[in-house]
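In case you want the letters, here they are:
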Number of protein chains: 2
Amino acid sequence: MFKDIKLCEDRPYYLQIKDYVKELILKGVYIKDDKLPSTRELSLILDVSRNTVIEAYKYLEDEGFIKNIPNKGAFVSYNSIIYDEGFNVKWEDKITDYAILSDELDTYKHDIKWKKGMISFKSISPDDNLFDMDDFKKSFLNILSTEERKILNYGYARGYKPLIDYLLKYMENKGVNIKNKDILITNGFTEGFDITLSALTKRGDRVICENPTHNTSIKIMNLHGLYIDGVKLNEDGIDTNILKDKLAESKAKLVFLVPSYHNPTGIVMSPEKRIEVYNIIKEFNVPVIEDGFNEELRYSGSHIAPLSAFCGSGNGVIYIGSFSKILFPGLRIGWILADKELINYLESIKRSRNIHTSFLDQAVLYEYLRGGNFEKYINKVRKVYKERYEFIVYCIKKYIPYKKLYGEGGLHVFLELDGINSRDVLSEAFKKGVIFTPGDIFYTDGGGENALRIGFSRVDIKDIEKGIKILGDIIKNMRKGD
Amino acid sequence: MFKDIKLCEDRPYYLQIKDYVKELILKGVYIKDDKLPSTRELSLILDVSRNTVIEAYKYLEDEGFIKNIPNKGAFVSYNSIIYDEGFNVKWEDKITDYAILSDELDTYKHDIKWKKGMISFKSISPDDNLFDMDDFKKSFLNILSTEERKILNYGYARGYKPLIDYLLKYMENKGVNIKNKDILITNGFTEGFDITLSALTKRGDRVICENPTHNTSIKIMNLHGLYIDGVKLNEDGIDTNILKDKLAESKAKLVFLVPSYHNPTGIVMSPEKRIEVYNIIKEFNVPVIEDGFNEELRYSGSHIAPLSAFCGSGNGVIYIGSFSKILFPGLRIGWILADKELINYLESIKRSRNIHTSFLDQAVLYEYLRGGNFEKYINKVRKVYKERYEFIVYCIKKYIPYKKLYGEGGLHVFLELDGINSRDVLSEAFKKGVIFTPGDIFYTDGGGENALRIGFSRVDIKDIEKGIKILGDIIKNMRKGD
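For clarity, every value in this text was computed on a predicted model and none was experimentally measured.

Rules of the game
Residues numbered from 1 in each chain as written. Chains lettered and ligands numbered in written order. Predicted model: local features only at pLDDT ≥ 70, side-chain atom pairs only at ≥ 80, totals over all residues. Heavy atoms only, no water. UniProt positions renumbered as here; feature names shortened; annotations may be inferred. Helix = DSSP H or I, 4+ residues; strand = E, 2+ residues; numbered from the N terminus. Core = buried A, V, L, I, M, F, W, Y, C linked by side-chain atoms within 4.5 Å. Buried < 20%, exposed > 50% of the residue type's maximum accessible area, 1.4 Å probe, protein only. Contact = heavy atoms within 4.5 Å. Domains from an automatic or database assignment. Expected span 1.5 Å × (residues − 1). Buried area = accessible area lost by both parts, 1.4 Å probe. Salt bridge = Lys/Arg side-chain N within 4 Å of Asp/Glu carboxyl O. Polar contact = N/O pair within 3.5 Å; in protein donor to acceptor, adjacent residues only side chain to side chain. Nonpolar A, V, L, I, M, F, W, Y, C, P; charged D, E, K, R; others polar. 1 Å grid on protein atoms, 1.4 Å probe; cavity = no way out; pocket = protein on both sides within 12 Å on 5 of 7 lines; lining within 4 Å. Points joined across faces, edges and corners; volume = space filled by probe spheres on them.

1. Let's talk about the UniProt feature "domain: HTH gntR-type" (unreviewed entry) in chain A
In this structure's numbering, the residues bearing the UniProt feature "domain: HTH gntR-type" (unreviewed entry) are residues 11–79 of chain A. Structurally, residues 11–79 of chain A comprises 51% helix and 12% strand, and the distance from its first C-alpha atom to its last is 28 Å.

Below, the structure written as structure tokens:
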């Protein structure tokens with residue numbers, strides 16, 4: 001006993017000794033009323049100071065495992081329980097269809113996994129080498145010194161007030177009329193979308209969206225049991241004739257749109273098209289969820305107002321924004337901007353799901369934004385991503401025989417191949433150390449078998465050329481094989 | 001123009017000027033192709049350096065609102081949109097029953113609100129004056145220097161690996177057999193409970209729990225459309241005869257229990273009773289959700305193993321733990337410890353709800369725990385809360401004529417009055433600046449009208465006596481009035 005304990009450096013010794021003794025008690029090596037070695041004795045065996053053992057024994061008493069009796073020593077006070085092994089549940093009999101579907105639709109689990117050394121065009125998450133860690137650290141220390149312990153206690157479901165006010169102003173600066181509107185802070189876009197669907201849809205309801213569209217959104221709509229009615233995209237975005245027909249056909253509950261840097265195609269809907277789309281949804285009076293995805297990553301041209309700006313003081317557009325797509329995704333902060341009345345419902349749903357989003361994260365992010373770090377950051381990353389974007393377009397044109405290339409910025413482009421199945425390309429590419437996202441997962445109708453999404457946010461210039469060339473060679477070879 | 005701009009100190013000047021000019025453009029004061037004042041001119045008007053204006057114009061160009069033409073000046077490039085006012089949706093026609101129920105059951109919205117200067121026995125959240133801010137800050141700086149930017153990018157739904165490993169060991173140290181079990185990190189208990197119900201119950205299913213029980217749990221079960229079947233509590237916890245009868249009656253989907261510092265009564269289920277309860281649920285083979293609520297706040301006596309320890313390598317108990325009830329609730333970190341197979345499903349549900357819990361928060365919390373700060377903190381707060389607990393019990397006995405007093409530790413006690421309605425007491429108390437939680441919100445069957453929960457975690461000794469005396473006087477007066 002005590003011979004096999006190995007004290008490591010990354011946790012205080014007294015806690016390691018505490019845990020070790022506790023283990024002996026829990027395993028029944030020491031039983032109730034047994035005397036433990038004296039602190040002097042144990043300090044010699046373990047070659048630590050006597051105070052370290054005294055500290056360990058103090059915590060063992062604190063946690064109710066031993067009793068220190070003055071002048072007598074330490075005695076086990078815990079009555080070890082006899083473990084039963086018989087209570088086993090068969091989960092397959094207990095699990096809901098919802099849980100099974102969640103697992104089935106969880107592409108993260110079933111996708112080809114990135115391995116060290118591979119070139120991955122799969123990710124569209126930001127390159128963390130571009131994060132300003134010093135600015136982030138400063139924001140943390142600043143907010144901790146002004147807000148102190150308050151931000152570590154319970155907050156409000158609605159969110160951290162200064163951040164909400166900042167974002168209201170931020171949305172106003174995109175041209176949105178914020179009168180009678182409010183903001184709910186969420187754990188990223190995903191939660192914002194999930195909560196909004198819970199408030200506005202029931203199983204079997206019909207939702208109209210672009211086809212293809214964001215695969216996570218498809219997953220969430222499927223989990224809500226919705227009938228997903230996709231509208232074909234033309235080169236400049238959603239086909240408005242089809243949109244109109246679908247809306248006329250039968251009442252839809254919602255329209256879901258990604259007007260900027262559409263995921264997966266990267267198409268940016270023009271201001272003219274936005275007006276056209278806006279007029280259609282207004283005519284049919286169907287609420288729209290607008291995903292403000294990567295709106296900040298415009299590399300050229302004028303600012304384009306979000307759809308929610310077009311309805312002025314009207315309330316029909318629900319805007320879901322998120323910084324976490326371009327900045328600190330690990331923090332999970334997004335927001336819903338919508339009519340006050342709707343936000344009031346969404347707030348209660350949010351509270352019933354997880355009380356509120358981390359106030360520490362909200363406060364640090366607020367402080368970071370307040371100080372102008374976001375503008376500085378965006379200015380920097382726009383240049384880097386623009387360079388990668390232009391270079392990958394150049395490489396694709398040079399190396400890959402494709403049918404159509406979509407994407408006007410953002411962190412990804414979308415390719416349509418000519419009669420070649422992108423999953424076949426992926427299995428070959430995987431062998432050669434290159435991965436990407438096959439297009440089919442973005443389609444609402446089983447299409448997209450010839451498409452692929454190529455994310456470039458985390459691939460450097462050298463690897464972009466190398467990876468695209470590998471893809472090009474595979475595709476050329478396949479065409480020859482025809 | 002530019003006369004009404006007031007530059008404040010808490011945001012860089014160039015950003016305030018940028019926002020101001022943007023506003024003028026969005027409002028149509030400046031329209032497309034208009035020339036802005038020169039940087040020299042504007043710097044004189046605003047009494048700032050010329051560089052400040054140059055910086056502001058740079059960002060305006062960055063964001064696509066103006067175009068800087070060398071030697072000519074800055075011109076508006078954004079085409080202001082004409083706002084439409086006509087797209088208005090009637091939310092009352094669109095909102096789901098689920099959203100309406102969320103709002104109705106949201107006690108936070110409908111409860112009597114605390115006002116400055118009041119003595120509040122409503123809260124059972126930790127006293128943030130007891131948080132070790134220096135240790136927290138050190139943990140943040142440490143983890144940022146070891147993990148760096150990684151913890152700010154996307155993480156895994158399951159959670160931050162070092163934290164998961166730490167918690168597995170932590171649960172083992174409570175006597176739990178972790179073989180074939182795993183952990184999912186959640187945004188506090190609330191999310192853990194919500195996700196688990198989604199995986200294991202459908203609308204109309206029957207769940208057995210203690211009566212009274214935690215009001216947030218009642219809310220969540222109601223939102224899941226469950227039939228909540230409460231089992232009467234005796235002075236030592238759940239009535240095992242009734243529990244047995246209810247399980248025999250018809251198949252329940254789940255049993256939900258709060259064995260330690262039961263909310264609202266504060267009862268701690270004895271080891272003997274735990275064995276008895278364990279044997280009953282095992283006999284009927286119904287999975288149990290165990291809420292590990294405030295387990296750490298044992299003020300005297302031996303460690304009591306959680307129910308999940310009793311089933312050894314069996315898989316029937318799902319343990320939901322949370323530090324956020326006693327430490328940093330603002331961070332929203334909890335965990336589910338359960339069979340690996342079940343955790344695999346819960347992981348996918350978690351991913352579909354909000355991708356993952358903040359990795360920054362998880363990493364900081366891990367670093368805080370690793371360094372032994374939690375043991376140090378608990379050791380400190382136990383003394384403070386124990387003192388408050390003992391003092392409030394003393395005061396209640398001295399001032400309040402009650403029928404029964406429950407509570408063996410934790411951060412609250414529970415009182416049953418003799419034929420006096422606690423909501424009547426509350427309206428009188430409110431006028432005198434004292435609030436508490438009326439007992440009825442904890443009951444599954446409309447009971448509890450004579451009960452009140454008194455939280456003392458954030459009330460100092462002086463106010464405890466003052467507040468309890470006020471309650472006592474009100475209750476005595478009401479008895480006289482009978």
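Read on, since the account is not over.
2. Side note on the nonpolar core
Core analysis: the largest hydrophobic core is formed by 334 residues, its most contacted members being I468(A) and I468(B). If you tally residues by element for this core, the top one is helix α16 (residues 373–399) of chain A, at 13 residues. In contact with I468(A), other than residues within four places in its own chain, are F121(A), I392(A), C395(A), I396(A), Y399(A), I400(A) and I454(A).

3. Regarding the domain arrangement of chain A
In terms of domain boundaries, chain A breaks down into domain 1 (13–76), domain 2 (111–125 + 376–481) and domain 3 (131–371). For domain 1 of chain A versus domain 2 of chain A, the distance between C-alpha centres works out to 59 Å.

4. Some words on helix α14 (residues 340–354) of chain A
Residue and element names in this part refer to chain A. Between its terminal C-alpha atoms α14 stretches 21 Å, which fits the 21 Å expected from 15 residues at 1.5 Å a residue. Within α14, 12 of the 15 residues are buried, leaving the element largely enclosed by the surrounding structure. Those residues of α14 that sit buried are L342, I343, Y345, L346, E347, S348, I349, K350, R351, S352, R353 and N354. Trailing α14 by a residue or two, I355 shows a phi angle of about 65°, which is positive.

5. Points about the interface of chain B and chain A
Across the contact, 135 residues belong to chain B and 135 residues belong to chain A. Here chain B meets chain A over a buried area of about 11,700 Å², counting both sides, of which 55% is carbon and sulfur. For chain B, the biggest contributors to the area lost against chain A are F87(B), W91(B) and R149(B); these three give 8% of the whole. Our count for the contact surface shared by chain B and chain A stands at 12 salt bridges. Put simply, chain B and chain A have 74 residue pairs in polar contact (both at pLDDT 80 or more) between them. Ranked by the residues each element gives to the side of chain B that touches chain A, the list is headed by helix α14 (residues 340–354) of chain B, at 11 residues. Of the residues contributing to the side of chain B that touches chain A, the split by class is 54 nonpolar, 36 polar and 45 charged.

6. Some details on the side chain of N153(A)
Mapped onto the secondary structure, N153(A) falls in the loop between α7 (133–147) and α8 (161–172). We classify N153(A) as buried; its relative accessible area is 2%. One polar contact links N153(A) to D128(B), side chain to side chain, over a distance of 3.0 Å. Setting aside its immediate chain neighbours within four residues, N153(A) contacts S125(B), P126(B), D128(B), F131(B), P329(B), G330(B) and R458(B).

7. Some points on unusual backbone geometry
Residues and elements named next belong to chain A. In the segment running from N211 into P212, the intervening peptide bond is cis, with an omega of 5°. Relative to the assigned elements, P212 resides in the loop between β5 (206–211) and α10 (215–223). Of note, the phi angle at D47 is positive, near 60°, even though the residue is not glycine. Here D47 lies in the loop between α2 (39–46) and α3 (50–62). The phi angle at F328 is positive, at roughly 45°, despite the residue not being glycine. Looking at the secondary structure, you find F328 in the loop between β10 (317–322) and β11 (334–339). The class for F328 is buried, based on a relative accessible area of 2%.

8. Details of empty space enclosed by the protein
For the structure on display, the rule yields seven cavities of 30 Å³ or more. Considered as a void within the structure, the largest cavity measures approximately 70 Å³ in volume. As for the largest cavity, its lining consists of 13 residues, and the residues nearest its centre are N187(A), T357(A), S358(A), N187(B) and S358(B). For the lining of the largest cavity, the class distribution of residues is two nonpolar, seven polar and four charged.

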